[in-house]
Amino acid sequence: MRIISGTLKGKKLLLPKDKTTRPLKDIVKESIFNVIEHYNKMNVSIIQSNILDLYSGSGSFGIEALSRGAKKVTFVENYSMAHKILTSNISNLNCSENSDVIKDDFINFLDKIDLKRVKKRLEYPAQWTVQVSDKLLTGHEQEFLELVVTDEEFYNKYCIGK
């Protein structure tokens with residue numbers, strides 16, 4: 001697994017040795033970035049964006065985003081082996097300054113939100129420009145995600161490295 005483009009192009013990533021975490025293949029990653037950058041109906045750019053990378057695994061998507069100019073990536077990963085590899089990759093590629101790593105299950109991460117408080121704050125701009133999940137989210141998970149990306153207080157409280 002390698003970084004495809006940007007300042008870290010060609011750098012290799014460590015991967016978990018077991019089959020519990022399945023890495024995002026380069027061709028899929030490249031396709032996602034092409035859609036984000038070139039699809040004219042999306043007004044989104046990776047450059048200077050804040051990215052939320054759920055089920056981060058080895059961090060290949062988020063680190064690719066940093067390599068392509070993202071301002072900050074928040075990685076959420078609960079599986080211990082993947083979390084260890086993720087933090088190693090971030091450190092080895094000198095991405096720590098632009099990375100927040102949350103070791104938690106996605107649902108626990110979202111359940112920390114006081115929904116009533118968050119619903120009152122929906123007028124605030126989204127904390128993350130791009131949210132990525134390498135897993136299909138259920139309706140409940142999607143609803144929580146839409147709330148968490150607007151809650152700056154939650155982000156500042158629970159993101160490691162803040």
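Before reading on, note that the structure itself is shown above.
Treat the numbers as computed from the prediction; the structure is a model and nothing was measured.

Section: the overall build of the protein
Counting its regular elements, the protein contains seven helices and four strands. For the protein, the succession of helices and strands along the chain, N to C, is α-β-α-β-α-β-α-α-β-α-α. Burial status across the protein gives 44% buried among its 162 residues. If you take every contact in the protein between residues at least 6 apart in sequence, the share linking residues at least 24 apart comes to 67%.

A closer look at helix H3 (residues 80–92)
A turn of α-helix holds 3.6 residues, and therefore any two residues three or four places apart point the same way. Here H3 is 13 residues long and its end C-alpha atoms lie 18 Å apart, about the 18 Å a rise of 1.5 Å per residue gives. Residues of H3 that are buried include every one of Ala82, His83, Ile85, Leu86, Asn89 and Ile90, and no others. Down the axis of H3, the buried set is contained in an arc of 165°. They therefore lie on one face. Among the exposed residues of H3, those pointing more than 90 degrees away from its buried face are Lys84 and Asn92.

What counts and how
- Residues numbered from 1 in each chain as written.
- Predicted model: local features only at pLDDT ≥ 70, side-chain atom pairs only at ≥ 80, totals over all residues.
- Heavy atoms only, no water.
- Helix = DSSP H or I, 4+ residues; strand = E, 2+ residues; numbered from the N terminus.
- Buried < 20%, exposed > 50% of the residue type's maximum accessible area, 1.4 Å probe, protein only.
- Contact = heavy atoms within 4.5 Å.
- Expected span 1.5 Å × (residues − 1).
- Arc of directions from axis to C-beta.

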